[in-house]
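# Commentary on secondary and tertiary structure
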Amino acid sequence: MIPLVKLLEAALFASPRPIPVEELSVLAPDASPAEVASALDTLREHYDVDGHGVELAELGGGWQILTRAEYTEAIERAQLAARPQRLSAAALETLAIIAYRQPIGRTEVEEIRGVAVGSILKSLQERALIDVVGRAEGLGRPLLYGTTSLFLEQFALRHLEELPRADELAIALRPAPQPL
Amino acid sequence: MSHGLSAPVDTDGAGMPDGADIGLRAPGAGTAEGSPAAPEAPVSFVVDLPAYAGPLDLLLSLIRDEKVDIYDIPIAHIAKQFLLRIRVLQLNDAAEYLELAARLLRIKAQMLLPRHGETETWEDPRAELVRRLLEYQQMREVVDILERRGDERRNRFARAYLPESGETVAAPLALSLGELLTAVDRILRVTKEPTVHTVVARTLDVAGAIAMVRHAIAARRTARWSDFVARDAEPWQILSMLLALLELAKQGELRLTQPRPFASVEIEHDTPGEAA
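Here's what I pulled together on the structure shown here. (Residues numbered from 1 in each chain as written. Chains lettered and ligands numbered in written order. Predicted model: local features only at pLDDT ≥ 70, side-chain atom pairs only at ≥ 80, totals over all residues.)

## Looking at the packing of helix H2 (residues 75-88) of chain B against helix H3 (residues 95-112) of chain B
Two measures define how a pair of helices packs: the angle their axes make with one another and the distance between the axes. Residue and element names in this part refer to chain B. Contact pair H2 / H3: the axes reach a minimum separation of 9 Å and the direction vectors enclose 160°. When the axes of H2 and H3 are compared, the pair comes out roughly antiparallel. When you trace H2 past H3, the crossing you get is left-handed. Judged by residue contacts, Ile75, Ala76, Ile78, Ala79, Phe82, Leu83 and Ile86 of H2 engage Tyr97, Ala101, Leu104, Leu105, Ile107, Lys108 and Met111 from H3. Taken together, the residues of the contact of H2 with H3 break down into 13 nonpolar, no polar and one charged. (Axes fitted to C-alpha atoms, helices over the stretch in contact; angles between N-to-C directions. Helix = DSSP H or I, 4+ residues; strand = E, 2+ residues; numbered from the N terminus. Parallel < 35°, antiparallel > 145°, perpendicular 65-115°, else oblique. Left-handed = near helix turned anticlockwise from the far one by under 90°. Contact = placed C-beta atoms within 7 Å. Nonpolar A, V, L, I, M, F, W, Y, C, P; charged D, E, K, R; others polar.)

## Describing the sheet that holds strand S3 (residues 266-269) of chain B
Residue and element names in this part refer to chain B. The strand order across the open sheet built from three strands is S1-S3-S2, with neighbouring strands paired in antiparallel fashion. Two strands in the sheet have a free side with no partner beyond their single neighbour: strand S1 (222-224) and strand S2 (254-257). Strand-to-strand twist of the sheet, defined as the mean angle between neighbouring strand axes without regard to direction, takes the value 20°. In this structure, S1 lies alongside S3, joined through three bridges in antiparallel fashion. Along S3, the bridge assignment pairs Thr222 with Glu268. (Pairing = 2+ DSSP bridges.)

## Digging into the sheet that holds strand S5 (residues 143-147) of chain A
The strands making up a sheet associate through hydrogen bonds between their backbones, and the pairing can be parallel or antiparallel. Residues and elements named next belong to chain A. If you walk across this open sheet you meet the three strands as S3-S5-S4, and the pairing is antiparallel. Single-partner strands in this sheet number two, and they are strand S3 (104-105) and strand S4 (130-135). Inspection of the sheet shows S3 paired to S5 by two bridges, in the antiparallel sense. By the bridge assignment for S5, Ile104 is matched with Tyr145.

## Some thoughts on the interface of chain B and chain A
Opposite the 34 residues of chain B that make contact, chain A presents 42 residues. Broken down by secondary-structure element, the contributors of at least two residues to the side of chain B that touches chain A are helix H1 (55-65), H3 and helix H4 (127-154) of chain B. For the side of chain B that touches chain A, the leading source of residues is H4(B), giving 17 residues. Among the residues forming the side of chain B that touches chain A, the class breakdown is 16 nonpolar, seven polar and 11 charged.

## Things to note about the nonpolar core
Residues Leu95(A), Ala96(A) and Phe82(B) are the most contacted members of the largest nonpolar core, which totals 69 residues. Among the elements that line this core, the one with the most residues is H2(B), at eight residues. The contact partners of Leu95(A), leaving out residues within four places of it in the chain, are Leu87(A), Leu124(A), Leu129(A) and Leu146(B). Counting residues in each nonpolar core, the second largest holds nine residues, with Val213(B), Ala223(B), Phe228(B) and Ala244(B) among its members. (Core = buried A, V, L, I, M, F, W, Y, C linked by C-beta atoms within 7 Å. Buried ≥ 20, exposed ≤ 12 C-beta atoms within 10 Å, placed from the backbone.)

## Focus: helix H1 (residues 3-14) of chain A
Residue and element names in this part refer to chain A. Taking 1.5 Å of rise per residue, 12 residues should cover 16 Å, and H1 covers 17 Å from first to last C-alpha, within 8% of that figure. Among all positions of H1, only Leu4, Leu8 and Leu12 are buried. Down the axis of H1, the smallest arc covering the buried residues is 70°, so these residues share one side. For H1, the exposed residues set more than 90 degrees away from the buried face come down to Pro3, Lys6, Ala10, Phe13 and Ala14. Taken together, the buried residues of H1 touch helix H2 (21-27), helix H3 (33-49) and strand S2 (62-67). (Expected span 1.5 Å × (residues − 1). Arc of directions from axis to C-beta.)

Quick look at the structure:
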């Protein structure tokens, strides 16, 4: 492997969070973005082709070394690491609405889900999956919520556009009427 | 009997459906009394209590179970089933479920209103509900995607899992063995010998107290608390006597009365005939 690949591997190993390409470029100021991109490709191929227990994944706006899924159970059984808890159906519904309609206020989420979501918004915010991204115009200037980079990371998404567009879903909707 | 959609004769009116406990019976055992339900939609069913994420979730699964067209919902039938389910699931006090139930009944009433001329522009009162249901269903589809992607990520470990709050992890302290030992030594020198209390267990003598009371009552038939417990009695003696008296009273051998608070307890032999 060329030195740049090894350098990137070391940096990715040291970081617990995905590293964006721009930050990887800082590591090697002499390397062009194309060289960094191709080094990442080399590293990914190296893991995939030579048969490693880890892989290089692109998610949450960056790159990250992850263990391969087939070893998860063994690792968890040995209590070396634990999978994070699954979100509840209610939390997932709320998150799905925010992901598609952001920036969105609480009342609009409640309008779609048909239930109150105040406490769910709070816990999603505590888990840093959503955040306040602004305030709506109008009465009371309600808070508007949007998803965070941790959301992308935890749902293995490179970016929001990776979610299917609304009209690509099986039940394509007529354009939603403007909320009051 | 026509289909529930346009049936003007619905004897149940807007009230709770009759036989709301029907879901607890075996399938097929329920009766179809006065039900305008379509024959392919069975009135009775057994609910195995799935957790619904909300009233729309419940309504949607109802529509799926009853195999009705979402664009042409037989509103009277569905409203009835909805009420049935929230009662069976004991969701009666969940405001959101009741709100949707009320909405369904209102739509049902609007459907029953006479229309002037068939060709006139008439807005289907179900339109808004259908729009919300479709929107909700679409969102459920996204939930499925998120669930799948979330599992994909959950099943792979990063080198170290960060706490979800996103707090930065403090760097490990640089500490030499010598410093550690000095610290331990300092702490040990400062720490005083712990004060040790010796607790002597005094066993209660309930059996002895019972014998004492029985003996006294047999001779005098009545007695007072103060006869048995001296002013300077030890706690274990007081407790033994208290437990003895309660035990004897429970067994019906004597009766305990206290004329007023803090007065001495009067103990009376209880003759079996008197006990009622």
